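Observations on chain architecture
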Amino acid sequence: MALLQDGLISFFAAVGLTATVWLVAGAVLHTGGRPAVPGLLLVLPLRGEALAMEADVRELRRVQGTLPGAKIVLADCGLTEEARNMARYLADREENAELVSAGEFHLGN
């Protein structure tokens, strides 16, 4: 019975020591936040009625929160007038987001 108790005490001591080292290393190596990634674009191409546009923008906003400096770009690739108005509203409502036409949007090499 004493062997089992000694084994359990050793196990919990090792786990506790590992957790302590992990926490100290995390505190020492933590840089104080995630660095911003300038020029990072989260592009959402939109066509037709874009029925899931609001949910897609909400998901991009969630992703944007984990990537400081990222910008949401709603690319109009042939939206209907009603969908374009909704996209314009969403782009105006969101911080760091804009609506661009497909002709304006191109990646430079």
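Now for a description of the structure that goes with this document. (Residues numbered from 1 in each chain as written. Predicted model: local features only at pLDDT ≥ 70, side-chain atom pairs only at ≥ 80, totals over all residues. Heavy atoms only, no water.)

Some thoughts on the overall build of the protein chain
For the protein chain, the helix and strand inventory stands at three helices and three strands. For the protein chain, the α and β elements follow one another from N to C terminus as α-β-α-β-α-β. For the protein chain, buried positions account for 20% of its 109 residues. Taking the contacts inside the protein chain whose residues are at least 6 apart along the sequence as the reference set, 75% of them involve residues at least 24 apart. Of the accessible surface of the protein chain, which amounts to about 8,000 Å², a share of 63% is contributed by carbon and sulfur atoms. (Helix = DSSP H or I, 4+ residues; strand = E, 2+ residues; numbered from the N terminus. Buried < 20%, exposed > 50% of the residue type's maximum accessible area, 1.4 Å probe, protein only. Contact = heavy atoms within 4.5 Å. Areas by Shrake-Rupley, 256 points an atom, 1.4 Å probe, with all protein chains shown as cover.)

Considerations on the packing of aromatic side chains
Scanning the model with the defined rule gives one aromatic pair in all. Ring plane angle 65° and centroid distance 5.3 Å describe the contact between Phe11 and Phe12, whose orientation is recorded as edge-to-face. Judged by its relative accessible area of 54%, Phe12 is exposed. (Phe/Tyr/Trp six-rings, centres within 6.5 Å; stacked < 30°, edge-to-face > 60°.)

Brief notes about the pairing of strand β2 (residues 71-79)
Both faces of the sheet carry side chains from a regular strand, because those side chains alternate between them. Relative to β2, strand β1 (residues 41-48) runs parallel, the two being bridged by seven bridges. Residue pairing for β2: Pro45 is matched across the bridge by Ala75. Taking the sense of rotation as the criterion, the β-α-β connection linking β1, helix α2 (residues 53-66) and β2 turns out right-handed. Note that β2 and strand β3 (residues 97-101) share five bridges and pair parallel. Across the sheet, Asp76 pairs through a bridge with Ser101, a residue of β3. (Pairing = 2+ DSSP bridges. Right-handed = clockwise from strand over helix to strand, strands pointing away.)

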